[in-house]
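# Survey of secondary and tertiary structure
Chain by chain, the residues run as shown.
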Amino acid sequence: MSKPTSKRAQLTKRILIGVGLALVLVYIVFVFITTNFLGNNNIATETVYRTKAFETIDSKALIARNEEYLSYSSNGVLVYDVDDGGKVTANGTIATAYASQEDVAVIQQIEQLDERIAFLESINQVNNSPSVGLDTVNAQINERMIDLIKGVNTRDFGNLTNTEQSLLTSMLRKQIVTGKQGDFTEKINALKAERDALKSSTGASIGTVKSPDAGYFVSKVDGYEKTFDVSKLDEITAEDVENAQPAEIDESAYIGKIIKDVNWYVLCPITSDQAANLTHASSSVKVRLPSVLDEPIPAKVLYVNNYSNNEKAIAVLQCNYMSDALSYLRHDNVEIIVNEYEGLKIPKSALHDDYVTYTVTDDKGNDTEQREKVQGVYIEYGTELVFKQVAIAYSGDDYIIVNEEPPAGTLLNGSTVSLYDKVVIEGGDLFDGKIIS
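Predicted model, so just to flag it, every value in this text is computed and none were measured.

About the cut-offs
- As a convention, each chain's residues are numbered from 1 in the sequence order in which they are written.
- Only residues with pLDDT of 70 or above have their local features reported here, since the model is predicted, and side-chain atom pairs are shown and tallied only from 80 upward, although totals for entire chains, interfaces and linings are computed over all residues.
- Note that water and hydrogens are dropped before the side-chain values are worked out from all heavy atoms of the structure.
- Salt bridges are defined as contacts in which a side-chain nitrogen from Lys or Arg sits within 4 Å of a carboxyl oxygen from Asp or Glu.
- Comment: elements are numbered from the N terminus, with helices defined as DSSP H or I runs of at least four residues and strands as E runs of at least two.
- The definition of a nonpolar core used throughout is a set of buried Ala, Val, Leu, Ile, Met, Phe, Trp, Tyr and Cys residues joined through side-chain atoms within 4.5 Å.
- Working definition: with a 1.4 Å probe on protein chains only, accessible area under 20% of the residue-type maximum means buried, over 50% means exposed, and in between means partly exposed.
- The contact criterion used is simple: two residues touch if any of their non-hydrogen atoms lie within 4.5 Å.
- Any two strands between which DSSP finds at least two bridges are classified as paired.

Pairing of side chains with opposite charge becomes possible as their charged atoms draw close. Throughout the structure, instances matching the rule amount to 15 salt bridges. Here Glu340 ties to Lys52 by a salt bridge, and the two come within 3.4 Å at their closest N and O atoms. Within this pair, whereas Glu340 is found in strand E14 (residues 331-347), its partner Lys52 is found in strand E2 (residues 49-64), the two being separated by 288 residues in sequence. Among the salt bridges present, the one from Lys312 reaches Glu242, with a minimum N-O distance of 3.0 Å.

Counting residues in hydrophobic clusters, the biggest one holds 32 residues, and the most contacted among them are Trp264, Val266, Cys268, Leu278, Leu289, Leu326 and Ile336. Residues in contact with Leu326, not counting those within four places in the same chain, are Arg65, Trp264, Leu289, Val292, Leu293, Ile297 and Tyr321. Residues Val79, Val104, Ile117 and Leu120 belong to the second largest nonpolar core, which totals 15 residues.

Phi at Asn91 is positive, roughly 70°, even though this residue is not glycine. Position of Asn91 relative to the elements: it lies in the loop between strand E5 (87-88) and strand E6 (93-98). Even without being glycine, Tyr420 reaches a positive phi, approximately 75°. Inspection of the secondary structure assignment puts Tyr420 in the loop between strand E19 (399-402) and strand E20 (422-426). According to the relative accessible area criterion, Tyr420 is exposed, its value standing at 55%.

Once that is clear, we can look at the environment of Ala391. Structurally, Ala391 can be placed in the loop between strand E17 (384-389) and strand E18 (392-395). A relative accessible area of 7% means that Ala391 is categorised as buried. Through-space distance from the C-alpha of Ala391 to that of Thr410 is 7.1 Å; in sequence the pair is 19 residues apart. Not counting chain neighbours up to four residues away, the residues in contact with Ala391 comprise Ile401, Val402, Asn403, Pro406 and Thr410.

On the basis of which strands lie adjacent, the open sheet formed by 4 strands has the order E3-E9-E8-E5 and antiparallel pairing. At either margin of the open sheet sits one strand with a lone partner, and together these are strand E3 (67-70) and E5. Summarising the sheet, E3 and strand E9 (residues 256-259) pair through 4 bridges and their orientation is antiparallel. Residue pairing in the sheet places Glu67 in a bridge with Ile259 of E9.

See the structure below:
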């Protein structure tokens, strides 16, 4: 009676082993399919955007110009007719002298009244211009609001007053166009009467200061005006600039100076390695002077002096952009923008090596398909991964910038990453054509 029981136990054992092996086989097939065909959710992507990067050299700069002192020895109180950084012509009037401070105060009141009259007259013109409608005025207000915001964000304080005045003009014009404000004729006439009364109560000028040369006027002197001869900047060294000291001058003896040339010079002590980098760069660079301007200005590499192969060199950069702030700038931290790169920003973690397939045509017109391993990225394309070759233009610490449209012949199959693509920055077992969920 015991033998049938033993046979049944053995059969049950075999069935259980078979079921176990089948389950293991099913699991292996499941893992293979999900890994290679159905993909997985253990990948992270990042959208590709356009950006800029700069290769820069940082230094402490001294500004050199062709400058001439202006003096005035006669009696009287001076009123400047030219703002700092303003252009002057040879023999042009820079300042006017008056007998007393009271006369100067009256002259300044007259100038303020003239500005207000001109401002209101410009607003009045809207009534005489049939082409100026509400849509036009609203567009001007929006445009000047944007200009004002940009000026604040870029610290372009020199132009903020003009921008603010333009915005106020447009807002007042809107009031006239919509009928909320009449014209300003009555106010203008009252201001003119006030101005004429002041003119009759003040004395005439007792002298003027003329410019000896054409150039830019600056009302301040600092003692560095004659430190460097701008015609011999090819001879200076880094030590000359670092050891430069202002001359002892009586500032009260001068009413200002004339910058005689349109060109001025940024003298930048740099290392020998930086000098080599700058020498091999384009002669046209950009310069950022953060204490006065946020936006870079164009410059030309005039000289890179590196005498006796010592550790220090001097870069002489030539600029011709001028503003009131730049006209009296003497020292500043400077950022020389040697190269500028623009393209698509991609994290370095997205870079991989994989094969791309391309077609080669021989002299007889026969096509041959070839495969070659290149550097590129995997992008999410629908439900699969696609490998795209990249052409790297710039490499930072943790990201690269790639060309959107690389030069002909750079890409083996002509395909690369595009703006707004989603590149894989994290994930395992990546390959071209992999199905992802």
